[in-house]
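# Summary of the model geometry
The residues making up each chain are set out below.
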Amino acid sequence: MVAKSATLVMNEMMQHAVAQGRSVINLGFGEAGLPVMPELRKILSADSARNAYPAVQGSYAVRNALSGYFTRRGIPADADHCLMAPGSKALLFALLQALKGDVVLSRPSWVTYAAQSHMLNKHCVWVDAPESAGGVPDPKLLVSALDSARRAGQNPTTLLLTSPDNPSGTVAGRTVIEQLVHIAKEQNLAIISDEIYRDLAYDQVNFVSPAQLAPERTFVTTGLSKSMALGGWRIGAALFPQNAWGDAVMQEVIGTASEIWSGMPIFLEPVAEYCFSEPSDVLQWVNESRQLHQRVSNEIHHIMVDAGASCRKPSGAFYIYPTFHDSEFAHRLGVSEDESLSHELFERFGIAVLPGSAFGDLPQRMGLRVVTSMMYGTDDESRMETMRMADPLQAPSVKDGLERVHEVFAGVPSNR
Ligand SMILES: Cc1ncc(COP(=O)(O)O)c(C=O)c1O
């Protein structure tokens, strides 16, 4: 049976608690927490009368804009190797389906990778992430993990990398990416590089994609759910290697698309074209949202570290991943596994977070995936105001949210 995604279950649990009048601090649901850029609403309404079926691959205009987006990031691309879809989740599934064999995942990594792999009867080869960043397997552990998987009869063919990553909100640096690409070449592995958070990496200049180093074996997925806060509009995109193998995989993914989702919503194509063309208002919007995410993530990071957690400093997106193994905080709560920790936080303090085991982590590490973007405001107007403030930490809902999180993590009385 395929269970409902842990993130969606958490969201529904919070909605239920709020409906019962409980005050909940939402650090659980992975949304950007920002409004739609006003210009996009105008573009959307101008095209709302379009109701024909779309081209499965997406219109040439939108794919052409997407190829420009990749090319400006040092990944030369042409429109023929670009594919649009209703969200990158669908593309990841179709890609995993087309790339036969088993998948190497970083532990922890985004919930959906393992869930989709299991739906496709694939084994997941879990490899701990390096100290420097989540979302990628530690290159030092990768070769022996591949050897053991093969000895156990598995057939790892695909490395799935995410940077910046969910759950840790960190970016893998150049050296790690180079080492992983080197192993992928030696062992003839395909790479899927999930770059949905790429434009939210806090250091845009030094970001390195595996597609820059090994374009012949790297599939890049991206979309507008995070950088443009358009999760509910469902706009995803992929770039395929520009060679015969990439073409064959692409035809298979297009085949799946044609039988399952047909294409992205046609009235959203002009929105996607506009965003991927990156006019100055889009660039400014993404910059402002990135700065806001960085400011608030850093604050929550301090609170977690002060509470005794081990936690990488965030370097992208709107997540942090503290682990509370052997911490005074966990002792005071009287818990020793991540699910009981997240359960206590919700039941006693109304703090909603997801346990690391939902991301494949070991329960005793007591990891929590903390979303930092859900306290920007109570409505679109206040969220927009927060984004535009010189010091967003002074925005009322951010201030209030941070104070409440601080109160809980700094002052939990003993449960024993
Ligand atoms: C790492 C990662 N990849 C992909 C997605 C899904 O993106 P989309 O909205 O394009 O399906 C998410 C959303 O939470 C994510 O965290």
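Here the residue numbering is sequential within each chain, running from 1 through the sequence in written order. For this predicted model, a pLDDT threshold of at least 70 governs which residues receive local features, and a threshold of 80 or more governs which side-chain atom pairs are given and counted, while totals over whole chains, interfaces and linings are taken from all residues.

Counting residues in hydrophobic clusters, the biggest one holds 126 residues, and the most contacted among them are Leu-83, Leu-95, Ala-238 and Ala-272. Numbering of helices and strands starts at the N terminus; helices are DSSP runs of H or I of at least 4 residues and strands are runs of E of at least 2. At 8 residues, helix H11 (residues 280-306) tops the list of elements feeding residues into this core. For every residue pair, C-beta atoms are placed from the backbone, and the pair is scored as a contact if these atoms sit within 7 Å. Leave out the neighbours within four places in its chain, and Leu-95 touches Ile-192, Phe-219, Ala-238 and Val-253. In this usage, the nonpolar core is the set of buried Ala, Val, Leu, Ile, Met, Phe, Trp, Tyr and Cys residues whose C-beta atoms join them within 7 Å. Three classes are used. A residue is buried when 20 or more other C-beta atoms lie within 10 Å of its own, exposed when 12 or fewer do, and partly exposed in between, with C-beta atoms placed from the backbone.

On to the packing of helix H2 (residues 38-46) against helix H10 (residues 269-277), then. For helices, the axis comes from a line fit to the C-alpha atoms of the stretch in contact; other axes are also lines fit to C-alpha atoms, and the angle between any two N-to-C directions lies between 0 and 180 degrees. Packing of H2 against H10 leaves a shortest axis separation of 8 Å and a crossing angle of 145°. Where H2 crosses over H10, the handedness of that crossing is right-handed. Between H2, through Leu-40, Ile-43 and Leu-44, and H10, the contact on the second element is made entirely by Pro-270, Val-271 and Tyr-274. For this scheme, ten residues count as nonpolar: Ala, Val, Leu, Ile, Met, Phe, Trp, Tyr, Cys and Pro. Four count as charged, namely Asp, Glu, Lys and Arg, and the remainder, Gly too, count as polar. Of the residues in the contact of H2 with H10, the class split is 6 nonpolar, no polar and no charged. Handedness of a crossing is defined here by the sense of rotation of the near helix relative to the far one, left-handed for an anticlockwise turn of less than a right angle and right-handed for a clockwise turn.

Turning next to the sheet that holds strand S11 (residues 354-355). By this definition, two strands are paired if DSSP reports at least two bridges between them. Read from one edge to the other, the open sheet built from 3 strands follows the order S9-S12-S11, with strand pairing classed as antiparallel. The strands lining the two open edges of the sheet, one partner per strand, are strand S9 (319-320) and S11. Direction of pairing for S9 relative to strand S12 (residues 368-371): antiparallel, over a ladder of 2 bridges. Paired with Ile-320 across the bridge in S12 is Val-370.

Before going further, it helps to examine unusual backbone geometry. The amide bond that connects Arg-107 to the next residue, Pro-108, takes the cis arrangement and shows omega of 0°. In this chain, Ser-163 is followed by Pro-164 through a cis amide linkage whose omega measures -15°. With respect to the helices and strands, the residue Pro-164 is situated in the loop between strand S5 (156-162) and helix H7 (174-186). Located in the positive-phi region is Arg-234, a residue other than glycine, with phi close to 60°.

Turning next to the domain arrangement of the protein. Per the domain assignment, the segments making up the protein are domain 1 (6-36 + 281-411) and domain 2 (50-279). For the domain bounds, the source is a domain assignment made automatically or taken from a database. Summarising the inter-unit geometry, the C-alpha centres of domain 1 and domain 2 are found 26 Å apart. Facing the 33 residues of domain 1 at the interface are 31 residues of domain 2. When contributions to the side of domain 1 that touches domain 2 are tallied by element, the ones reaching two or more residues are helix H1 (6-19), H11 and S9. The element that contributes the greatest number of residues to the side of domain 1 that touches domain 2 is H11, accounting for 9 residues. Within the side of domain 1 that touches domain 2, the residues separate by chemical class into 16 nonpolar, 11 polar and 6 charged.

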